[in-house]
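Chain residues, written in single-letter form:
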Amino acid sequence: MKNKKLNIWIALGVIFLFVYLAVFGCGGGIKGMRDMRFGIDIRGGVEAVFEPAGTKEKPTKAELEMAREVIETRLDAQNILDREVTVDEKAGNIIVRFPWKSDEKDFDPETAIQELGQMAELTFRGPDGTVYVKGSDVARSRAALDEQKRNIVELEFTSKGAEKFANATEELAGQNMGIYMDEEMISNLLVNGKITGGKAEITGMASKEESQDLADKINSGALPFSMETTNYNTISPTLGDRALNAMAAAAGITMVLICLFMVAWYRLPGIISCLTLAFQIALQILAISVPQYTITLPGIAGLILSGGMAVDANIIISERISEELKKGSSVKRAIKSGYQRAFSSVLDGNITTAAVAGILMIFGSGTMLSFGYTLLTGVIINLLAGVWMSRSMLNSIIRYGFFNQGKWFCKKRDKKVLHFTEAKRYFFLASIAVIVSGTIWSAANGVKLDTQFTGGVILKYTYSGKADTGQIQQKVEDIADRSVSVQTSEDPSTGEKKLVLTLAGKNGLSPDQQKQILNTLNKGNDNRFQTSETYAVEPYIGAKALKNSVIAIILSFLFIIVYIRLRFSALGGLAAGVTAVLALMHDICIVLFVFGIFRIPLNDAFVAVTLTIIGYSINDTIVLYDRIREHRNTMKRKGTLAELVDLSTTETLGRSINTAFTVILCAFIILAASIVYQMESITKFSLPLLAGLVSGCYSSICIAAPLWVWWEEHREKIQKRKTGQKRK
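A. Up close: the sheet that holds strand S8 (residues 176-181). Taken in spatial order, the 4 strands line up as S5-S4-S8-S9 in an open sheet, and their pairing is antiparallel. If you trace the sheet from one side to the other, it starts and ends with strand S5 (131-134) and strand S9 (184-190), each paired once. Averaged over all pairs of adjacent strands, the angle between strand axes in this sheet comes to 25 degrees, irrespective of strand direction.

Right, here's the structure in full:
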């Protein structure tokens with residue numbers, strides 16, 4: 001477009017459009033934030049892993065699909081339409097997730113779970129309810145086409161079933177015969193006459209899909225096993241509503257503070273950055289709401305964090321523009337050079353963070369999948385849309401003479417080069433001291449694995465009045481047949497009382513046992529115990545989650561080493577990759593110590609925090625490496641490696657501090673909101689994250705680059721010795 005002055009107005013129009021769509025949606029095809037699909041930790045609900053019972057053999061894929069049909073039918077019967085039912089063929093189980101209804105008063109997830117897994121009862125009944133044929137009498141059914149190419153369902157009965165069906169059709173000739181799944185009629189047939197031979201056809205199917213659906217339901221009624229679960233998680237709707245309000249408030253406060261900082265520090269580029277941030281957040285919300293991807297509390301935390309990290313690209317660009325203006329470039333030339341010089345840092349940082357988020361999605365579990373998704377979409381949107389939008393708007397607005405002035409931009413001042421490499425021994429000693437003391441402190445407290453990794457049961461209730469912990473312990477131990485730890489607490493702000501039961505051992509708990517526990521708690525007293533949260537998991541499920549977590553972290557390290565070696569061959573490749581990973585290991589140790597010192601059991605939050613810190617810290621390191629590479633190519637060895645690193649670190653220090661400030665601000669507000677609203681799961685996630693972000697900023701500046709200098713200097717000394725020995 002020749003008249004680039006119009007670009008700013010077009011961009012503002014596009015931003016307004018996407019923000020509107022993100023908030024209000026458009027018809028049924030584009031859902032806005034009000035129609036987002038929230039996870040059970042926000043809306044309250046159930047997540048359960050169902051396994052075959054009554055059979056020693058691993059179920060086939062077809063049998064699992066039939067079992068899924070049973071569960072789907074029962075969910076339909078309970079009018080639970082907003083659900084996820086997933087078949088895990090490799091593990092041989094079915095995962096069911098559904099939120100509780102917003103108007104549900106009697107929160108009884110134990111009954112719902114128990115009913116879903118019961119063996120399907122398929123029956124053929126007469127008009128008076130008489131049962132003539134059962135599911136065990138059906139050998140198989142399948143969708144087919146008759147000679148007139150009409151959709152039908154073919155039935156084949158067992159030898160006993162064939163006899164029963166012949167007698168039934170003879171008796172019910174001219175009447176209807178209903179096919180029932182449990183108590184729900186799935187088909188109503190008109191019997192024309194007696195049918196013999198053990199085979200029959202059901203006609204009147206409107207489509208192939210309808211005939212296949214009916215055939216699947218009939219087959220599921222012939223399954224030789226039921227589905228049971230001792231692995232499930234529930235949360236009450238009231239607890240979820242409070243968490244959602246808290247995270248929404250945290251998101252709003254965070255975005256406002258970030259925008260105020262960007263405008264105050266970077267002026268016009270800061271304003272453009274805020275507009276770009278609104279555009280990116282709108283796109284990210286649509287990336288969640290349109291495909292109806294389930295968003296959880298960690299997912300909202302990832303949304304807030306990705307907003308802080310999205311600002312990083314604009315900070316890098318703004319810092320580069322300031323440097324160009326300091327050299328005496330015109331505003332137009334400074335903007336062009338700023339984006340060109342910043343691109344490699346933005347690209348490398350986003351690729352590594354996206355890879356880490358992708359690994360989290362592949363190997364993560366539970367609610368952390370939502371965190372990985374929001375982080376991944378945030379990074380992709382930032383790279384593909386955010387940078388392009390900010391460049392288009394900034395280049396357009398300076399076409400207006402009023403804004404084409406240096407006063408609208410932040411100008412860098414001359415800075416004295418800070419000698420970080422000279423102090424590398426002190427940095428290394430300080431880090432060693434922290435690691436040693438953290439190890440001792442964590443060992444004293446004992447770093448433990450959460451029940452999510454080891455297996456076990458935790459039951460949480462709210463109540464009024466007084467709770468006799470000794471009596472409760474005795475009653476629950478009699479039901480669960482194992483020792484029980486009982487804890488009570490009270491929220492000082494709301495006065496809400498809480499009871500936590502931790503069952504010893506690593507096995508799960510059946511829904512029937514949990515229901516007995518709740519009934520026993522409420523028997524003979526006026527305390528009115530209500531289920532708040534439950535977490536029950538079998539050891540093998542936990543072992544699988546732990547294995548995947550370790551694989552995810554190792555793969556992240558390997559990817560970073562390989563990527564940096566390829567992208568930064570000018571810095572020795574392998575040396576740059578290894579020193580960067582050593583700095584990351586320093587950050588992971590800090591995160592681990594926070595878990596140990598504050599007695600937080602290691603769970604999927606540790607994996608998510610670790611991978612987030614890896615992505616953030618390596619992004620910080622890459623920006624510094626990019627500047628070192630740039631100076632090494634232009635200075636042509638006019639100075640020592642130490643001088644090169646000191647100059648590069650000093651030049652990127654402003655960017656590192658400002659980026660750290662925005663991202664740490666996000667984590668701090670998430671932590672504050674979780675403490676105020678007593679969201680324990682988010683507190684256990686955001687506290688280590690905050691410590692890791694601080695450590696990530698420190699390690700990139702004080703560990704990675706000085707360590708690379710030491711590596712390269714040591715390598716040069718070895719080469720000189722070898723050269724000297726050859727000459728002799």
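B. Spotlight on a nonpolar patch on the surface. Together, Ile253, Val256, Leu257 and Leu260 make up a nonpolar patch on the protein surface, roughly 360 Å² of accessible area in all. Mapping isoleucine 253 onto the fold places it in helix H7 (residues 237-266).

C. Highlighting the sheet that holds strand S3 (residues 93-99). Strand order across the open sheet formed by 8 strands is S2-S3-S1-S11-S15-S12-S14-S13, with antiparallel pairing between neighbours. Either end of the sheet is taken by a strand with one partner, and the two such strands are strand S2 (84-88) and strand S13 (484-490). Strand-to-strand twist in this sheet, taken as the mean axis angle between neighbours without regard to direction, amounts to 20 degrees. Of the pairings in the sheet, the one linking S2 to S3 comprises 5 bridges and is antiparallel in character. Its bridge partner lying in S3, valine 85 is registered against valine 96. Across the sheet, helix H15 (residues 511-522) touches strand S11 (226-235), strand S12 (456-463), strand S14 (497-503) and strand S15 (530-537), and the angle it forms with S12 is around 30 degrees.

D. How the structure looks around unusual backbone geometry. Non-glycine residue lysine 149 carries a positive phi angle of around 65 degrees. Its location among the elements puts lysine 149 in the loop between strand S6 (138-145) and strand S7 (151-157). Residue classification places lysine 149 among the exposed residues on the basis of a relative accessible area of 64%.

E. Structural view of the packing of aromatic side chains. This structure, assessed with the given rule, holds 16 aromatic pairs. Geometrically, the ring pair formed by phenylalanine 427 and tyrosine 698 is edge-to-face, given 6.3 Å between the ring centres and 85 degrees between the ring planes. One end of the pair, phenylalanine 427, is in helix H12 (residues 424-445); the other, tyrosine 698, is in helix H20 (residues 680-727), and 271 residues separate them in sequence. You can call phenylalanine 427 buried: its relative accessible area is 17%. Ring centres of phenylalanine 595 and phenylalanine 606 lie 5.3 Å apart, and the angle between their planes is 90 degrees; this geometry places the pair in the edge-to-face category. One end of the pair, phenylalanine 595, is in helix H17 (residues 574-597); the other, phenylalanine 606, is in helix H18 (residues 604-635), and 11 residues separate them in sequence. Given a relative accessible area of 1%, phenylalanine 595 falls into the buried group. Among the residues examined, phenylalanine 606 registers a relative accessible area of 12% and is labelled buried. An aromatic cluster of at least three residues, connected via ring pairs, comprises Phe124, Phe157 and Phe165. A cation over a ring is seen here: lysine 5 above tyrosine 400, with NZ or CZ 5.1 Å from the ring centre. The residue whose ring lies beneath arginine 125 is tyrosine 180, and the NZ or CZ to ring-centre distance is 4.4 Å.

What counts and how
- All chains use their own residue numbering, which begins from 1 and follows the written sequence.
- Where totals are concerned, whole chains, interfaces and linings use all residues; where local detail is concerned, this predicted model gives features only for residues with pLDDT of at least 70, and gives and counts side-chain atom pairs only at 80 or more.
- Side-chain measures were taken over the full set of non-hydrogen atoms in the model, leaving aside hydrogen atoms and water.
- Following DSSP output, two strands are said to pair if at least two bridges run between them.
- Secondary structure counts use DSSP, requiring at least four H or I residues in a row for a helix and at least two E residues in a row for a strand, with both numbered from the N terminus.
- Whenever a helix is involved, its axis is fitted only over the stretch in contact; in every case the axis is a line through C-alpha atoms, and angles between N-to-C directions fall within 0 to 180 degrees.
- Patches here: salt-bridge-free residues with over 30% relative accessible area, like charges joined within 9 Å, nonpolar side chains (Val, Leu, Ile, Met, Phe, Trp, Tyr) joined within 5 Å.
- Note that accessible areas follow from Shrake-Rupley with a 1.4 Å probe, and for residues the cover is restricted to the protein chains shown.
- Salt bridges are defined by distance alone: a side-chain nitrogen of Lys or Arg within 4 Å of a carboxyl oxygen of Asp or Glu.
- Contact between two residues is taken to exist if any of their heavy atoms lie within 4.5 Å; hydrogens are not considered.
- Relative accessibility decides the category of a residue: with a 1.4 Å probe and only protein chains considered, values under 20% of the type maximum give buried, values over 50% give exposed, and everything between is partly exposed.
- Side-chain rings of Phe, Tyr and Trp, where Trp is taken by its six-membered ring, are said to pair if the distance between their centres is within 6.5 Å; with planes under 30 degrees apart they count as stacked, over 60 as edge-to-face, and otherwise as tilted.
- Definition used: whenever NZ (Lys) or CZ (Arg) falls within 6 Å of the ring centre and also within 35 degrees of the ring normal, the charge is taken to sit over that ring.

Function cannot be read off these values alone, since they describe shape.
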